[in-house]
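# Fold and contact review
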Amino acid sequence: MTEKLAILGGPKAVTIEDKDAYGPWPIITDEEIDLVTECMRRGWLSGTPPIVEEFEEAFAKYHNVKYALAVNNGTAAINAALFAVGVGPGDEVITPSYTWHCGVTPILACHGTPVFCEIDPKTLCADPDDIERKITPRTKAIIVTHIWGVPAEMDRIMEIAEDHGLAVIEDASHAHGSVYKGRKVGTIGDIGCFSLQASKAVAAGEGGILITNNEEYLKWATALGNFERLWRWPDHPVYKFRNAHFGLKFRIHPLAAAIAYVQLKHLDERNRIRRENHMRLHRGLRNIEGLEPQYIPPYVQMGGWYGFRVKYYPERLSGISKKLFIAALRAEGVKASLERYPLLHLEPIFSDRNLKIPAGPLRCKNASRRLYKKGDLPVTEDVYARLIAFPKFERKICWDLIDQYVEAVRKVAENIMELKKIKNKEFEVPVEAGTR
Ligand SMILES: Cc1ncc(COP(=O)(O)O)c(C=O)c1O
């Protein structure tokens, strides 16, 4: 049946106007406000007051791990984790190119070398086979991102790491509360790192936290940016750095810890809302010709769900360009957009031979700077070109709106030939908005 597409003057498929469905995030209740107020009244504005340790204990308990260390952002958590597992000049760390740069660039801060691996086209997470191919005698660690909440293939990755004596750092910044084969993400590798930035499922405003069962890793991670907490370990080598350390300060703001402490209490319930909405969208979209939502393995329970990505196959949709398809969706009222993450291996810092770098780790003689160019990660580049970002529905159950979304996408896909009429027009469509 032909329905007139909105882009050609037909009626919009999405008629529900519900600003509340899309945001804003985070949800702040009186509980956060009361706790922050109480902390201020107590003068807990710096150092490590009890709220910081209470938050760490709650986070460790939620994950059923021994240790948690709160820091000032997720980037710092990755940096401290790399330091703890011993990444230094010349060491290689394998990581996907399709992730947020702050999960990768701390490798540079440690004077290490990021080595990019391909992603699995289905899950969009690091491809274990390519991780294995990229291992050299200099490889020290692997960082995997559980991108948009979907866990990387951790069993295989841990097996590979064990075989080669490598440390595994999980970047779970998108995936608070995601479960892989019965285990929460962040607890499977050697260290799990989480951003607590304002848009994350557990939001502190700005903040980060790492978790581990390894006491040595905890102590060295603490040594990098939390020198004031080293007095606890007089018998350990880190004690020597309690008065003068490595020039970085990663302490979390106590008020941020207070906000995150309350947010954590709501994580499971808010993850349930995300799942109910996004699984409905997923089920609706996955049967539409030419579209494939990010694959969620059957042994995964989604948490965090930091983004919703769909791959677009123009070869199955009469060759209509992705931009035109998105423009048609937007005309129907679907807030679809282009991917906002760049591919890291093509960013100047990893691809431009002539960068002027006046100072910093990239000038370290022992740190090898590996340069990349288009074509170096053909699978990742192909998948990336197909990605469409859909909005997140994380505040409340909104199935009526989601059902209209599915119908709108179906309408455009089923009437794709109509778009041929406007094939010569250039459409500018927005990149997904978002604070990181
Ligand atoms: C995958 C990933 N890793 C690391 C980070 C860095 O976290 P932060 O912004 O808290 O430093 C982010 C932030 O968006 C992220 O999405």
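These figures come from a predicted structure and were not determined experimentally. (Residues numbered from 1 in each chain as written. Predicted model: local features only at pLDDT ≥ 70, side-chain atom pairs only at ≥ 80, totals over all residues.)

## A closer look at the overall build of the protein chain
- For the protein chain, the helix and strand inventory stands at 14 helices and 14 strands.
- Here the C-alpha radius of gyration of the protein chain, 23 Å, is about what a compact globule of 436 residues would show, namely 22 Å.
- Along the first, second and third principal axes, the C-alpha set of the protein chain runs to 75 × 50 × 40 Å. (Helix = DSSP H or I, 4+ residues; strand = E, 2+ residues; numbered from the N terminus. Rg over C-alpha atoms; globule rule 2.2 N^0.38 Å.)

## Thoughts on the sheet that holds strand E6 (residues 179–180)
- Pairing in this open sheet of three strands is antiparallel, and the strands run E7-E6-E11 from one edge to the other. Edge strands, defined here as strands with exactly one partner in the open sheet, are strand E7 (183–184) and strand E11 (300–301). (Pairing = 2+ DSSP bridges.)

## Observations regarding the site of the ligand
- Every one of the 15 residues lining the ligand counts as a neighbour, but Asn73, Gly74, Cys102, Gly103 and Ser195 are closest to it.
- The class makeup of the residues in the shell around the ligand is two nonpolar, 11 polar and two charged. (Near = placed C-beta within 6 Å. Nonpolar A, V, L, I, M, F, W, Y, C, P; charged D, E, K, R; others polar.)

## As for the domain arrangement of the protein chain
- The domain boundaries assigned to the protein chain delineate domain 1 (6–26 + 267–341 + 379–422) and domain 2 (30–266).
- On a C-alpha basis, the centres of domain 1 and domain 2 stand 30 Å from each other.
- Between domain 1 and domain 2, the contact holds 26 residues from the first and 30 residues from the second.
- Sorting the residues of the side of domain 1 that touches domain 2 by element identifies helix H10 (267–285), E11, strand E12 (308–312) and helix H13 (378–386) as the ones contributing at least two each.
- Per element, the largest residue contribution to the side of domain 1 that touches domain 2 is five residues, and it comes from H10.
- Looking at the side of domain 1 that touches domain 2, its residues break down into 15 nonpolar, seven polar and four charged. (Domains from an automatic or database assignment. Contact = placed C-beta atoms within 7 Å.)

## A word on the packing of H10 against helix H14 (residues 399–414)
- At a minimum axis distance of 9 Å, the contact between H10 and H14 shows a crossing angle of 20°. Between H10 and H14, the interaxial angle falls into the category roughly parallel. Two packed elements cross with a definite hand, and for H10 against H14 that hand is right-handed. Judged by residue contacts, Asn277, Arg280, Leu281, Gly284 and Leu285 of H10 engage Trp399, Ile402, Tyr405, Val406 and Val409 from H14. (Axes fitted to C-alpha atoms, helices over the stretch in contact; angles between N-to-C directions. Parallel < 35°, antiparallel > 145°, perpendicular 65-115°, else oblique. Left-handed = near helix turned anticlockwise from the far one by under 90°.)

## Focus: the environment of alanine 6
- Position of alanine 6 among the secondary structure elements: in the segment before helix H1 (19–22).
- Alanine 6 sits in the buried class, given 21 other C-beta atoms within 10 Å.
- Remark: the alpha-carbon pair of alanine 6 and asparagine 277, spanning 271 residues in sequence, is separated by 25 Å.
- Aside from chain neighbours lying at most four places away, what touches alanine 6 is Pro11, Lys12, Ala13, Ala331 and Glu332. (Buried ≥ 20, exposed ≤ 12 C-beta atoms within 10 Å, placed from the backbone.)

## What about the sheet that holds E12?
- Strand order in this open sheet of four strands is E10-E12-E14-E13, and the pairing throughout is antiparallel. At either end of the open sheet lies a strand with only one pairing partner, and these are strand E10 (291–293) and strand E13 (337–338).
- Relative to E12, E10 runs antiparallel, the two being bridged by three bridges. Residue proline 293 lies in a different strand from E12, and its bridge partner there is valine 310.

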